Amino acid sequence: MNGRFLDLHSHILPGVDDGAATMAETLGMLKTACEEGVKTIVATPHYLPGRHNKKAEDIRRIYEEVCVQAQKAAPELTVLCGNEIYFNESAVKDVKEKKALTLADTDYVLIEFSVMSEPRRFFHAVRVFAEAGYRPVLAHAERYAELYKKEDTIRELVGAGAYIQINAQSFAGGILDRHAAYCRKLLERGLVHFIGSDCHNLTDRKPQMKTPLDTLKKSAYTRQIEKIMSVNRDCFLHNQFIQEKG
């Protein structure tokens with residue numbers, strides 16, 4: 001694959017969560033992202049409603065500092081900003097009050113859940129965010145026990161207004177890797193709308209996109225990735241709905 005990837009989910013801002021610890025690590029991650037064919041990366045530090053979080057204005061200040069440094073270290077890379085928001089009943093309120101950030105100031109919102117959340121919680125979150133005028137993106141949807149190998153449930157969530165984000169590394173695996181096989185099936189059937197590295201560092205959670213996605217040789221997979229990285233990317237960047245959602 002030629003690259004030009006959109007990485008929708010990353011933890012590259014220094015010193016704000018469990019991601020990059022320093023500006024030097026941030027810049028190293030951005031350089032690696034460039035090498036992996038990433039052209040646009042969204043910084044999505046964790047936000048836990050009701051907990052102690054970096055204020056939105058502090059996140060934006062740090063993000064702006066990163067953008068200045070990135071112009072020198074990785075000038076071909078566009079860095080955007082948002083949050084990965086843990087869902088609870090005050091999450092929508094915090095977004096409305098701009099305590100938590102949407103993705104790149106669009107109506108798209110990246111939300112995560114407990115890995116053991118019940119299906120009704122996913123549907124509830126999608127409903128309340130959609131009713132408030134947002135476009136909920138389920139972060140690393142492959143991780144949730146109640147969605148794993150539940151294609152019908154995922155299709156229903158998409159029909160209710162959800163977008164599905166899968167981590168790039170989850171597609172990589174041999175023929176006996178059932179987890180990777182399931183993620184590839186979702187991709188082939190058009191039930192993946194965004195891909196992210198979910199990178200946190202330069203060791204065990206690197207900003208890799210091309211490396212894992214290059215393992216996908218089947219034409220049906222590559223066609224879907226091309227759509228995600230062109231049509232879906234442009235819809236996101238222009239704050240438009242993705243018309244064909246699977």
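Engineer: Explain the overall build of the protein residue by residue, including any values.
Structural biologist: Helix and strand counts for the protein come out as eight helices and nine strands. Relative to its length of 246 residues, the protein is compact, with a C-alpha radius of gyration of 17 Å against a globular reference of 18 Å. Each principal axis of the C-alpha distribution contributes one length, and for the protein these read about 45 × 40 × 30 Å. Classification of the 246 residues of the protein by burial places 54% in the buried group.

Engineer: Can you explain the pattern of salt bridges? Please cite residues and give values.
Structural biologist: As enumerated under the stated definition, the model contains 17 salt bridges in all. Close ionic contact of Arg 61 with Glu 65 constitutes a salt bridge, the shortest N to O distance being 3.3 Å. Note that Arg 61 and Glu 65 are positioned in helix 2 (residues 56–73) at a spacing of four residues, about one turn of the helix. Across the salt bridge formed by Lys 218 and Glu 188, the nearest N and O atoms sit 3.1 Å from each other. Residue Lys 218 is located in the loop between helix 7 (210–213) and helix 8 (219–237), and its partner Glu 188 is located in helix 6 (residues 178–188); the two are separated by 30 residues in the primary sequence. Sharing partners across several salt bridges, the network here consists of Glu 151, Arg 155, Lys 185 and Arg 189.

Engineer: Tell me about the pairing of strand 1 (residues 5–10), and please be specific about residues and values.
Structural biologist: Of all six residues that make up strand 1, six are buried, and the element is covered over most of its length. As paired strands, strand 1 and strand 2 (residues 38–43) are joined by four bridges and run parallel to one another. Each bridged residue has a counterpart across the sheet, and for Asp 7 the counterpart in strand 2 is Ile 41. In this view, the connection linking strand 1 to its parallel neighbour strand 2 by way of helix 1 (residues 23–35) has right-handed handedness.

Engineer: Tell me about the packing of helix 6 against helix 8, residues and numbers included.
Structural biologist: Two numbers describe how helix 6 lies on helix 8: the axes approach to 8 Å, and their chain directions differ by 65 degrees. In the packing of helix 6 onto helix 8, the handedness of the crossing is left-handed. Residues Arg 184, Leu 187 and Glu 188 of helix 6 pack against Ala 220, Tyr 221, Gln 224, Ile 225 and Ile 228 of helix 8. Of the residues assigned to the contact of helix 6 with helix 8, the class counts are five nonpolar, one polar and two charged.

Engineer: Quick one: what's the story with the packing of helix 1 against helix 2, residue by residue and with numbers?
Structural biologist: Contact pair helix 1 / helix 2: the axes reach a minimum separation of 10 Å and the direction vectors enclose 50 degrees. Considering their axes alone, helix 1 and helix 2 lie oblique with respect to each other. Note on packing geometry: the crossing formed by helix 1 with helix 2 is right-handed. Every residue of helix 2 that contacts helix 1 at Met 23, Thr 26, Leu 27, Leu 30 and Lys 31 is listed here: Glu 65, Val 66, Gln 69, Ala 70 and Ala 73. Each residue belonging to the contact of helix 1 with helix 2 can be placed in one class, and the counts come to six nonpolar, two polar and two charged.

Engineer: If you had to explain the sheet that holds strand 6 (residues 108–112) to someone new, which residues and values would you point to?
Structural biologist: With respect to topology, six strands assemble into an open sheet ordered 3-5-6-7-8-9, the strand pairing being parallel. At either margin of the open sheet sits one strand with a lone partner, and together these are strand 3 (46–47) and strand 9 (194–196). Strands strand 6 and strand 7 (135–138) of the sheet are contacted by helix 4 (residues 119–131), whose axis makes an angle of about 150 degrees with strand 7.

Engineer: Could you give an account of helix 4, naming the residues involved and the relevant values?
Structural biologist: Residues spaced three or four apart along an α-helix point in a common direction, a consequence of the helix completing one turn every 3.6 residues. Taking 1.5 Å as the rise per residue, helix 4 with 13 residues should run 18 Å; its terminal C-alpha atoms sit 18 Å apart, in good agreement. Here helix 4 has its buried residues at Phe 122, Ala 125, Val 126, Val 128 and Phe 129. On its buried face, helix 4 sits against helix 3 (91–96), strand 6, strand 7 and helix 5 (151–160).

Engineer: I'd like to hear about the sheet that holds strand 1, residue by residue, with values.
Structural biologist: The sheet built from three strands is open, its strands ordered 1-2-4 with parallel pairing. The open sheet is flanked by strand 1 and strand 4 (78–81), the only strands paired with a single partner. Strand-to-strand twist across the sheet, computed as the mean angle between neighbouring axes with direction ignored, equals 20 degrees. Sheet strands touched by helix 8: strand 1, strand 2 and strand 4. Its angle to strand 1, the strand with the most contacts, is close to 70 degrees.

Engineer: Quick rundown of unusual backbone geometry? Include the residues and the values.
Structural biologist: The phi dihedral of Lys 149 is positive, around 60 degrees, even though this residue is not glycine. Structurally, the position occupied by Lys 149 is in the loop between strand 7 and helix 5. In this structure Lys 149 comes out as partly exposed when scored by relative accessible area, which is 46%.

So, how was this worked out
- Residues numbered from 1 in each chain as written.
- Predicted model: local features only at pLDDT ≥ 70, side-chain atom pairs only at ≥ 80, totals over all residues.
- Heavy atoms only, no water.
- Helix = DSSP H or I, 4+ residues; strand = E, 2+ residues; numbered from the N terminus.
- Rg over C-alpha atoms; globule rule 2.2 N^0.38 Å.
- Buried < 20%, exposed > 50% of the residue type's maximum accessible area, 1.4 Å probe, protein only.
- Salt bridge = Lys/Arg side-chain N within 4 Å of Asp/Glu carboxyl O.
- Pairing = 2+ DSSP bridges.
- Right-handed = clockwise from strand over helix to strand, strands pointing away.
- Axes fitted to C-alpha atoms, helices over the stretch in contact; angles between N-to-C directions.
- Left-handed = near helix turned anticlockwise from the far one by under 90°.
- Contact = heavy atoms within 4.5 Å.
- Nonpolar A, V, L, I, M, F, W, Y, C, P; charged D, E, K, R; others polar.
- Parallel < 35°, antiparallel > 145°, perpendicular 65-115°, else oblique.
- Expected span 1.5 Å × (residues − 1).

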